Amino acid sequence: MKKFLAMFLIAMVVVVSGCIGSSSSRGTSTATSSYGKASQQYVQITDALGRTVKVPANVTRVVAVGPGALRILVYLNATKDVVGIEEFEKRFPYGRPYILAHPELLKLPVIGPGGPGKLPNFEALIKVHPQVIFMVFVSRNEADEVQEKTGIPVVVLSYGTLSNFTDQKFFNSLLLAGKILGKEKRAKEVIRFIEEQQSYLENLTKGLKSPKVYVGGIGYKGAHGITSTYTDYAPFTVLHLNNIASNLKSRNGWAQVDKEFLLKENPDYIFIDEGGLKIILGDYKSNPDFYNSLKAVKDGHVYGVLPYNFYNTNIGIAIADAYYIGKVVYPERFKDIDPVKKANEILQFLDGKPVYSELAKEFGGFGMINLASGNVTYGLPTNP
């Protein structure tokens, strides 16, 4: 009886030890994984909200939730790890280089509606068995709710403010996602590439006297017209241009100005984000006198740039727009640069394919805009 009791106690210790896991010398923990028969090692990370999260040490199945989350995974060359996408991506499959370059993503199961402020479908998430859920633009409570209701680790990433191209919060998120996905080398390459682009543009235009410039039609939670702008529009910032919207001292980031402001400031150059061009062309037909009173319109200095703010910032497009804007305003400084070729180089590196021509077919691409006769195939959705 004593021998039997001893053997029983030993067996119980082994079973309990297996259930609670153990710690390794590298600081990882092990537990039985619901995605496989073998035990799974976990590592502890801190996300953009300061949340401590345990994620598998070897991640091969992920989803991205919220504006721009999927783009980060594409930048990291991690599309093969994505097992589901938001319905937003399928409903609006145009205008975003990461989707144009990877149409195979559109064949994946839907994990929720997508769009600003919308949480995923918990049942749909569980069904595709991701090991990690990457999220952006969510609160700590929302991230915790998704994690608790799905039982899947939620890692929150951030784009920062992106008043230029090199935001440290965004870079930290690239590095964090890269660490989780085993793509740290690629994350560092992306950061170095963006930093080099910004440095080149800044040095090329440093010390130049800038004309007055303005960008209208900026997308912000949907499409807007000529009065939609950014006080710290990143392409203008890196080119040291005199953005008239920066005179709005009480505002920061996206702003709606009034038409009287435009008439008063009367910029020398107007750039139109082509995501809002449809609205602007319609507004011109209703009120041509306003537009024709602007100096830039009278002088033929109205130019189209690709929409960079579609489901958060398409950083590659923003950089490409900066090269084109520089070519327009400072043709001598940019005489050796072909903006279309440069755009394709940027998109190839960040997204995996040179998709400028597809974007140009959709929105018009780089070029002068005649408001009286202009037309465009697509605009940004007005209510995403």
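K.L.:
For this particular structure, what's the right way to read the overall build of the chain?
P.N.:
Counting its regular elements, the chain contains 16 helices and 13 strands. Residues classed as buried in the chain amount to 54% of the 384 residues present. In the chain, 66% of the contacts between residues at least 6 apart in sequence involve partners at least 24 apart. When the accessible area of the chain is evaluated, it comes to approximately 17700 Å², of which 52% is carbon and sulfur surface.

K.L.:
When you look at the sheet that holds strand β4 (residues 62–65) in this model, what are you seeing that I'm missing?
P.N.:
To summarise the sheet geometry, strands pair through backbone hydrogen bonds and adopt either a parallel or an antiparallel arrangement. Here three strands make up an open sheet; going across it, the order is β4-β5-β6 and the pairing parallel. Of all the strands in the sheet, the pair left with one neighbour each is β4 and β6 (154–156). For this sheet, the mean inter-axis angle between neighbouring strands, taken without regard to orientation, is 25°. Of the strand pairs in this sheet, strand β5 (residues 132–135) and β6 are connected by three bridges, and their pairing is parallel. Residue pairing across strands places Phe134 opposite Val155, the latter belonging to β6. The sheet contacts of helix α6 (residues 140–150) involve β5 and β6, and relative to β6 the element is tilted by about 165°. On the sheet, helix α7 (residues 168–181) packs against β4, β5 and β6 and is oriented at approximately 170° with respect to β5.

K.L.:
What exactly am I supposed to notice about the environment of Pro339 here?
P.N.:
As for its position among the elements, Pro339 is in helix α15 (residues 339–351). Sequence separation of Pro339 and Ala320 is 19 residues, and the distance between their C-alpha atoms is 7.0 Å. What Pro339 contacts, discounting residues up to four positions off in sequence, is Tyr323, Tyr324, Lys327 and Phe366.

K.L.:
Looking at this model, I keep getting lost on the pairing of β4. Mind explaining?
P.N.:
In the case of a regular strand, side chains alternate between the two sheet surfaces. Going residue by residue along β4, you find Val62 and Ala64 tucked away on one face and Val63 and Val65 tucked away on the opposite face as well. Relative to β5, β4 runs parallel, the two sharing four bridges. Counterpart to Val63 in the pairing with β5 is Ile133.

K.L.:
Whenever I open this one, helix α8 (residues 184–205) confuses me. Can you help?
P.N.:
Its 22 residues give α8 an end-to-end C-alpha distance of 32 Å, which sits within 8% of 32 Å, the value for a rise of 1.5 Å per residue. Restricting attention to buried positions, one finds in α8 the residues Arg186, Ala187, Val190, Ile191, Phe193, Ile194, Gln197, Gln198, Leu201, Leu204 and Thr205. Taken from the residues just after α8, Gly207 is the one with a positive phi, measuring 85°.

K.L.:
Just checking my understanding: could you explain α7 for this structure?
P.N.:
Residue pairs three or four apart in sequence face the same way in an α-helix, which turns once every 3.6 residues. An ideal rise of 1.5 Å per residue puts 20 Å on 14 residues; α7 measures up with 20 Å between its terminal C-alpha atoms. Looking at α7, one finds that the buried residues are Phe170, Phe171, Ser173, Leu174, Leu176, Ala177, Gly178, Ile180 and Leu181. Near the N-terminus of α7, the side chain that reaches the backbone nitrogen of Lys169, with its oxygen 2.9 Å away, is that of Asp167. Looking one or two places after α7, you find Gly182, whose phi comes out positive at around 70°.

K.L.:
What is the right way to look at the layout of surface pockets in this model?
P.N.:
In this approach, a probe sized like a water molecule rolls over the atoms, and the result shows the empty space that is left. A volume near 840 Å³ is recorded for the largest pocket. Taken together, 38 residues make up the lining of the largest pocket; nearest its centre are Phe137, Tyr220, Tyr230, Asn309 and Asn312. Per-class residue counts for the lining of the largest pocket are 23 nonpolar, twelve polar and three charged.

K.L.:
Looking at this structure, how should I read empty space enclosed by the protein?
P.N.:
Throughout the structure, instances matching the rule amount to one cavity of 30 Å³ or more. In terms of lining, the largest cavity is formed by Ala64, Gly66, Gly68, Ala69, Leu70, Gly84, Ile85, Glu86, Glu89, Tyr98 and Tyr311. For the lining of the largest cavity, a count of residues per class yields six nonpolar, three polar and two charged.

K.L.:
Looking at this model, I keep getting lost on the side chain of Ser228. Mind explaining?
P.N.:
Residue placement: Ser228 occurs in strand β8 (residues 228–230). Setting aside residues up to four positions removed in sequence, Ser228 forms contacts with Tyr214, Val215, Gly216, Gly217, Ile218, Trp254, Ala255 and Gln256.

K.L.:
What is the right way to read the nonpolar core from this model?
P.N.:
Ranked by internal contacts, the top residues of the largest apolar core, which has 91 residues, are Phe134, Val155, Leu174 and Phe271. Residue contributions to this core peak at eleven residues, all from helix α14 (residues 315–329). Ile272, Phe290, Val297 and Ile369 belong to the second-largest nonpolar core, a separate cluster that totals 23 residues.

K.L.:
Can you walk me through the environment of Lys183 in this structure?
P.N.:
Here Lys183 is to be found in the loop between α7 and α8. Separated by 107 residues in the primary sequence, Lys183 and Leu76 place their C-alpha atoms 6.5 Å from one another. The contact partners of Lys183, leaving out residues within four places of it in the chain, are Leu76, Asn77, Ala78 and Gly178.

K.L.:
What's the story with the packing of aromatic side chains in this structure? I'm lost.
P.N.:
Where two aromatic rings form a pair, the distance of their centres and the angle of their planes describe that pair. The final tally for this structure, using the stated rule, is 22 aromatic pairs. Between Tyr233 and Tyr308, the ring centres sit 5.6 Å apart and the planes meet at 65°, which makes this aromatic pair edge-to-face. Separated by 75 residues along the polypeptide, Tyr233 in the loop between β8 and α9 (234–238) and Tyr308 in the loop between β12 (302–305) and α14 bring together distant segments of the chain. Considered together, Tyr233 and Tyr308 belong to a single accessibility category, that of buried residues. Taken together, the ring pairs in this structure connect Tyr230, Tyr233, Phe236, Tyr269, Phe271, Tyr303 and Tyr308 into an aromatic cluster. The side chain of Arg96 reaches across the aromatic face of Phe310, ending 4.7 Å from its centre. Positioned over the ring face of Phe349 is Arg186, at 4.5 Å from the centre of the ring.

How each quantity is defined
Residues numbered from 1 in each chain as written. Predicted model: local features only at pLDDT ≥ 70, side-chain atom pairs only at ≥ 80, totals over all residues. Heavy atoms only, no water. Helix = DSSP H or I, 4+ residues; strand = E, 2+ residues; numbered from the N terminus. Buried < 20%, exposed > 50% of the residue type's maximum accessible area, 1.4 Å probe, protein only. Contact = heavy atoms within 4.5 Å. Areas by Shrake-Rupley, 256 points an atom, 1.4 Å probe, with all protein chains shown as cover. Pairing = 2+ DSSP bridges. Axes fitted to C-alpha atoms, helices over the stretch in contact; angles between N-to-C directions. Expected span 1.5 Å × (residues − 1). Polar contact = N/O pair within 3.5 Å; in protein donor to acceptor, adjacent residues only side chain to side chain. 1 Å grid on protein atoms, 1.4 Å probe; cavity = no way out; pocket = protein on both sides within 12 Å on 5 of 7 lines; lining within 4 Å. Points joined across faces, edges and corners; volume = space filled by probe spheres on them. Nonpolar A, V, L, I, M, F, W, Y, C, P; charged D, E, K, R; others polar. Core = buried A, V, L, I, M, F, W, Y, C linked by side-chain atoms within 4.5 Å. Phe/Tyr/Trp six-rings, centres within 6.5 Å; stacked < 30°, edge-to-face > 60°. Lys NZ or Arg CZ within 6 Å of the ring centre and 35° of its normal.

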